[in-house]
Amino acid sequence: MAKVTIIDVANRAGVSISTVSRYLKDAGSINPVSSAKIDLAIRELNYVPNSFARNLKRGSADLIGVVEPDISQSFFSRTVKSVNNILYQNGYMLLVCDSDFQPRKEQFLINRLIEQNVSGILLATTGKNAEFLRKISERFPNIVLFDREEESLSLDCVVEDNEENGYRLTKHLIDQGGRRIAVLTGMSFASSTRQRLAGICRAAEEAGIPLSAKDTYMNGTNKEVIQENAARILEAGIYDTIIFTIPRSIFGIQSVLESRGMQLGKDVLVGGWSNRELFQQSGVRYPAIFQDADQMGTTVANRILRRVNLREEFLPSERIVLETELYIP
């Protein structure tokens, strides 16, 4: 069966091709009678507009790309879901890409998204692509960073106050009696890791119990590494407090404690970052910085839509800091 074209629609509706073209761009721009005829013709012929061709003429597609490091993490999956809901309501489709914490893969995905004529890109960067992002943003300004930032670049970013949160959490644990602190972190080159660790160290320094490099166990992003690091901490036999910066770390810590007949909060103080969903799943109570993925997703989606829809080429970059809650059981 031959593909139905805009010419077929124009002939069936009894209008010019240019009128159908205007209708497809903005149905309200033509008179109601012609609009009704074209609408009927489209339905009768089952005509599907060639969106690719329209996007080529317009210079971009109704697509937004998101590049994040690990969709299996509940924070990122929930954030992406919220972004998708907002974009759908505004007529945009979301393309989701996972960088697996690999800087070169992140570069590849960003380049491919731009080749696909996306209107904008949301990025939770690995933290090792500052120069690449600087060059990309010179020709493609519609980039919004989220959760992680590149301090050296003037790009929109939506983040939490990671350093202050690390400080607040650690100060509380110290007030509860914590004196020998071990820290389980995510990837060392991520800005969120650096900032959270800086806040933790600041609170410990103020309390006269400064942390050293050997007290920090880095790059725990999967279950196996988290469990290995937690086991090393407990085997050292010198720590009374564990702080973690990756929410799902709580499950690895729990597993190791249970295997040794130890109780969280009784034999060792534990605190870290979480969200309400993971917190409920863990079945235990501990001091936690609650991240709001829905708030993150809504904020970054609205920011990219503002850049794309208003076409504010010279819109100043903005660093938006979201509020977070310190939950104390």
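Preceding block: the structure.
Predicted model only: the values in this text are computed from it and were never measured. (Residues numbered from 1 in each chain as written. Predicted model: local features only at pLDDT ≥ 70, side-chain atom pairs only at ≥ 80, totals over all residues. Heavy atoms only, no water.)

Colleague: Teacher, can you tell me more about the environment of Gly177 here?
Modeller: For Gly177, the location among the structural elements is in the loop between α8 (162-175) and β6 (181-184). For the pair Gly177 and Ser82, spaced 95 residues apart in sequence, the C-alpha to C-alpha distance is 39 Å. In this structure, Gly177 is in contact with Asp240 and Leu269, ignoring residues within four places of it in sequence. (Helix = DSSP H or I, 4+ residues; strand = E, 2+ residues; numbered from the N terminus. Contact = heavy atoms within 4.5 Å.)

Colleague: In this structure, what is going on with helix α13 (residues 293-310)? I would like to understand it.
Modeller: Since there are 3.6 residues in each turn of an α-helix, residues three or four apart along the chain are aligned in direction. Compared with an ideal rise of 1.5 Å per residue, which puts 18 residues at 26 Å, α13 spans 26 Å between its outermost C-alpha atoms and is within 8% of the ideal. Of the residues making up α13, those classed as buried are Ala293, Met296, Gly297, Val300, Ala301, Arg303, Ile304, Leu305, Arg307 and Val308. Contacts from the buried residues of α13 go to β1 (63-68), α5 (74-89), β3 (120-123), β4 (143-146), β5 (156-160) and β11 (319-322). Two or three places before Asp294, at the start of α13, stands the capping residue Asp292, its side-chain oxygen 3.2 Å from that residue's backbone nitrogen. (Expected span 1.5 Å × (residues − 1). Buried < 20%, exposed > 50% of the residue type's maximum accessible area, 1.4 Å probe, protein only. Polar contact = N/O pair within 3.5 Å; in protein donor to acceptor, adjacent residues only side chain to side chain.)

Colleague: It is not clear to me how the nonpolar core should be interpreted in this structure. Could you clarify?
Modeller: If you look at soluble globular proteins, the nonpolar side chains tend to sit buried side by side. Counting 24 residues, the largest nonpolar core has Ile64, Leu87, Leu122, Phe146 and Val300 as its most contacted members. Counting residues per element, the ones that place at least two in this core are β1, α5, β4, α13 and β11. Excluding anything up to four places from it in sequence, Leu87 contacts Ile64, Tyr92, Leu94, Ala301, Ile304 and Leu305. Listed in part, the 21 residues of the second largest apolar core include Ala182, Tyr217, Ile233 and Phe279. (Core = buried A, V, L, I, M, F, W, Y, C linked by side-chain atoms within 4.5 Å.)

Colleague: Is there a simple way to think about the packing of α5 against α13 in this case?
Modeller: The relative placement of two packed helices is expressed as an angle between their axes plus a distance between the axes. At their nearest, the axes of α5 and α13 sit 7 Å apart, and the two run at 45° to each other. Considering their axes alone, α5 and α13 lie oblique with respect to each other. Crossing angle aside, the handedness with which α5 passes α13 is right-handed. Listed contacts from α13 to Phe75, Arg78, Thr79, Ser82, Val83, Ile86 and Leu87 of α5 are Ala293, Asp294, Met296, Gly297, Thr298, Val300, Ala301, Asn302, Ile304 and Leu305. Class assignment for the residues of the contact of α5 with α13 results in 10 nonpolar, five polar and two charged. (Axes fitted to C-alpha atoms, helices over the stretch in contact; angles between N-to-C directions. Parallel < 35°, antiparallel > 145°, perpendicular 65-115°, else oblique. Left-handed = near helix turned anticlockwise from the far one by under 90°. Nonpolar A, V, L, I, M, F, W, Y, C, P; charged D, E, K, R; others polar.)

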